[in-house]
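Coordinate analysis (summary)
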Amino acid sequence: MAKKKEVTVEERLRALYDLQLIDSRIDEIRNVRGELPLEVRDLEDEVAGLNIRLEKLNASLEVIDNDIASKKNLIEEAKALIKKYSEQQKNVRNNREFNSLTKEVEFQELEIELAEKHIKEFKAQIEQKKEIIAETKERVKERENHLKHKKSELDAILAETEKEEQALIAKSEEYKKQIEERLVAAYTRIRKNVKNGLAVVPIERGASGGSFFTIPPQVQVEIASRKKVITDEHSGRILVDAALAEEQKTKMEKMLAKL
């Protein structure tokens, strides 16, 4: 059986830097989208919330309409009773019966007065709710127009970048499989902990990329020898020499151009 070819440190460094270049391009694409997906989601939630509010307001109008109908029925019943008691008063045999019927008539008159007061209050509530409904509908219309505009922006960006992003994500996963799990885990951890997601950086003017801390000459020589994986003691980033970085950038630009 043929022996599995051992991967050299230099090959690991090249693979790691390639992975960084791919992931950085994915970051660039996502930065172009910026906060748009979140804005769209927030607007969708806001519109949904406003529509739920409209449903509740319309439902409350139905309840008030039913309450008004109920009060109107009560008034009609009270009027019928007043008529009935008034007719009975014509045939009473004594003052006691007459006074009792008078109290019943007065009670029904109070019921009518109270019901009419409630109807007036209900109608005022209806007018108030109708104003709120009109304002809410206007708000929904304005938010829906804004949402349509933001979705259009997002769709345009996605149309330009989605295919490339998906291809890059697939490439990123492909490269990760070529690198040992220990290094991928370290790379992922560093990316999460450093600014701009740069976990693998070249030496620039004697310092690690994105850092102002100078790297000692002896360490620079070790990095250039590509014999072991070296990290920046200040930022924790994995370091590669400028020549290797330039070579991989050129190679990666050609690959990305084909995507």
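Residues numbered from 1 in each chain as written. Predicted model: local features only at pLDDT ≥ 70, side-chain atom pairs only at ≥ 80, totals over all residues. Heavy atoms only, no water.

Per an unreviewed UniProt entry, the protein goes by C4-type zinc ribbon domain-containing protein and derives from Hwangdonia lutea.

In a soluble, globular protein the nonpolar side chains are often hidden away together inside. Membership of the largest hydrophobic core comes to 26 residues, with the highest contact counts inside it found for Leu16, Tyr17, Ile22, Ile179, Val200 and Val240. Residue assignment for this core shows that the elements contributing at least two residues are α1 (9–33), α3 (95–178), α4 (181–193), β4 (238–240) and α6 (242–258). Sort the elements by how many residues they give to this core and α1 lands first, with 10 residues. When near neighbours in sequence (up to four residues on either side) are disregarded, valine 200 contacts Leu16, Tyr17, Gln20, Tyr187, Ile238 and Val240. Core analysis: the next-biggest nonpolar cluster, separate from the first, contains 19 residues, Ala78, Ile82, Val105 and Ile112 among them. (Core = buried A, V, L, I, M, F, W, Y, C linked by side-chain atoms within 4.5 Å. Buried < 20%, exposed > 50% of the residue type's maximum accessible area, 1.4 Å probe, protein only. Helix = DSSP H or I, 4+ residues; strand = E, 2+ residues; numbered from the N terminus. Contact = heavy atoms within 4.5 Å.)

What follows covers the pairing of strand β1 (residues 200–204). Of all 5 residues in β1, 4 are buried, a share of seventy percent or more. Adjacent in sequence and paired antiparallel, β1 and strand β2 (residues 207–208) are bridged by 2 residues, among which arginine 205 carries a positive phi angle near 50°. (Pairing = 2+ DSSP bridges.)

Our next topic: the pattern of salt bridges. Evaluated as defined, the whole model comprises 23 salt bridges. When the shortest N-O distance is used, the salt bridge between arginine 33 and glutamate 165 registers 2.7 Å. Highlighted residues: arginine 33 in helix α1 and glutamate 165 in helix α3, separated in sequence by 132 residues. Each member of the pair arginine 33 and glutamate 165 is classed as buried. Note that glutamate 180 is salt-bridged to arginine 182, the shortest N-O span being 3.2 Å. Through salt bridges with shared partners, a single network forms among Glu10, Arg14, Arg226, Asp241 and Glu247. (Salt bridge = Lys/Arg side-chain N within 4 Å of Asp/Glu carboxyl O.)

The sheet built from 4 strands is open, its strands ordered β2-β1-β4-β3 with mixed pairing. The open sheet has two edge strands with one neighbour each: β2 and β3 (230–231). Pairing of β3 with β4, which is carried by 2 bridges, proceeds in the antiparallel orientation. From the neighbouring strand, threonine 231 faces β4, where its bridge partner is isoleucine 238.

Take the side chain of glutamine 20 next. Looking at where glutamine 20 falls in the secondary structure, it is placed in helix α1. Here valine 200 takes part through its backbone nitrogen, which lies 3.0 Å from a polar atom of the side chain of glutamine 20. Apart from the residues lying within four places of it in its own chain, the contact partners of glutamine 20 are Tyr187, Arg191, Gly197, Leu198, Ala199 and Val200. (Polar contact = N/O pair within 3.5 Å; in protein donor to acceptor, adjacent residues only side chain to side chain.)

Inspection of the secondary structure assignment puts arginine 143 in helix α3. Here arginine 143 falls in the buried class, since its relative accessible area comes to 14%. With residues near it in sequence (within four places) discarded, arginine 143 still touches Leu43, Glu46, Val47 and Leu50.

In this section: the environment of alanine 257. Assignment of secondary structure puts alanine 257 in helix α6. Note on alanine 257: relative accessible area 65%, which makes it exposed. The spacing of alanine 257 and glutamate 164 is 93 residues in sequence and 9.9 Å in space, taken between C-alpha atoms.

Our focus in this paragraph is the UniProt feature "coiled-coil region" (unreviewed entry) in the protein. When the UniProt feature table is mapped onto this chain, "coiled-coil region" (unreviewed entry) is found at residues 40–178. End-to-end, the C-alpha atoms of residues 40–178 are 37 Å apart, and along that stretch the chain is 96% helix and 0% strand. (UniProt positions renumbered as here; feature names shortened; annotations may be inferred.)

Tracing the chain through its elements places lysine 163 in helix α3. By relative accessible area, which is 72% here, lysine 163 ends up exposed. Separated by 28 residues in sequence, lysine 163 and arginine 191 have C-alpha atoms that sit 24 Å apart.

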